[in-house]
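# Survey of secondary and tertiary structure
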Amino acid sequence: MPTQRASTIRLRTSLFQEAAEIVDREYASDLSLDDIARRVASSRRQLQRAYAEIGQTTFRDHLTRVRMQKAAEMLATRALTVREVAHRVGYRQPAQFAKAFRRYQGVAPSDFRANGRAPVRPPGTQFSARPAYRAA
């Protein structure tokens, strides 16, 4: 793999940081890669590369991770219903939120709230917003 120029690394780092700041601020709104790319004055492809090379993730995985972390904080306070948390972190359908939360935390939102935390993941396991499929 060829080495990246320093200017390319600086540009992608800047793009990633700007995009991450937008996601951190506006995680509850309907964000898309195209929207963020437009807002940081970049192309969709350049932003995808920034996420892959600098962030070691994808835009969708990053957005989901931020949403799930915020949801866990909200659920831990017990002040809001699961439905309210789902809406506050950007999900229109509570069932969709519950499925994503379960995939990310390994436990349903209501169980997370009851136990106050998620089960500990085995070392080396990572979250992916995409389900793992097995070849038949």
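Rules used in this analysis
Residues numbered from 1 in each chain as written. Predicted model: local features only at pLDDT ≥ 70, side-chain atom pairs only at ≥ 80, totals over all residues. Heavy atoms only, no water. Helix = DSSP H or I, 4+ residues; strand = E, 2+ residues; numbered from the N terminus. Buried < 20%, exposed > 50% of the residue type's maximum accessible area, 1.4 Å probe, protein only. Contact = heavy atoms within 4.5 Å. Areas by Shrake-Rupley, 256 points an atom, 1.4 Å probe, with all protein chains shown as cover. Axes fitted to C-alpha atoms, helices over the stretch in contact; angles between N-to-C directions. Parallel < 35°, antiparallel > 145°, perpendicular 65-115°, else oblique. Nonpolar A, V, L, I, M, F, W, Y, C, P; charged D, E, K, R; others polar. Phe/Tyr/Trp six-rings, centres within 6.5 Å; stacked < 30°, edge-to-face > 60°. pLDDT = per-residue confidence, 0-100.

The subject of this paragraph is the overall build of the protein chain. The helix and strand inventory of the protein chain stands at seven helices and zero strands. Listing each helix as α and each strand as β along the protein chain from the N terminus yields α-α-α-α-α-α-α. Burial analysis of the protein chain (136 residues in total) assigns 38% to the buried set. Across the protein chain, the fraction of contacts at a sequence separation of at least 24, relative to all contacts at a separation of at least 6, is 57%. About 8,700 Å² of surface is accessible on the protein chain, with carbon and sulfur atoms providing 50% of the total.

What follows deals with the packing of helix α4 (residues 59-77) against helix α6 (residues 94-105). Packed helices, taken two at a time, are described by the angle between their axes plus the distance between the axes. Orientation of α4 relative to α6, taken along the N-to-C sense of each, is 95°, at an axis distance of 10 Å. If you check the angle between α4 and α6, you find them roughly perpendicular. For the pair α4 and α6, contact is made by Arg65, Met68, Gln69, Ala71, Ala72 and Leu75 and by Phe97, Ala100, Phe101, Tyr104 and Gln105, respectively. For the contact of α4 with α6, the class distribution of residues is eight nonpolar, two polar and one charged.

If you walk through the whole model with that rule in mind, you get five aromatic pairs. With 5.8 Å between their ring centres and 85° between their planes, Tyr51 and Phe59 make a pair best called edge-to-face. For Tyr51, a relative accessible area of 0% gives the class buried. Among the residues examined, Phe59 registers a relative accessible area of 7% and is labelled buried. Aromatic pair Phe101 and Phe112: ring centres 5.3 Å apart, planes at 85°, arrangement edge-to-face. Taken as a pair, Phe101 in helix α6 and Phe112 in helix α7 (residues 109-115) lie far apart in primary sequence, eleven residues in all.

Position of Ser42 relative to the elements: it lies in the loop between α2 (33-39) and α3 (44-53). Here Ser42 falls in the buried class, since its relative accessible area comes to 19%. What Ser42 contacts, discounting residues up to four positions off in sequence, is Leu15, Ala37 and Leu47.

Averaged over all residues, the pLDDT of the protein chain is 85; the fraction at 70 or higher stands at 83%. Across the protein chain, the secondary-structure element scoring lowest on mean pLDDT is α7, at 86, and the one scoring highest is α2, at 96. Residue range residues 120-125 is modelled with pLDDT below 50. Its contacts to residues more than four positions away, or to other chains, number four contacts. A low-confidence stretch, residues 130-136 stays under pLDDT 50, and its non-local contacts, those more than four residues away or across chains, total three contacts.

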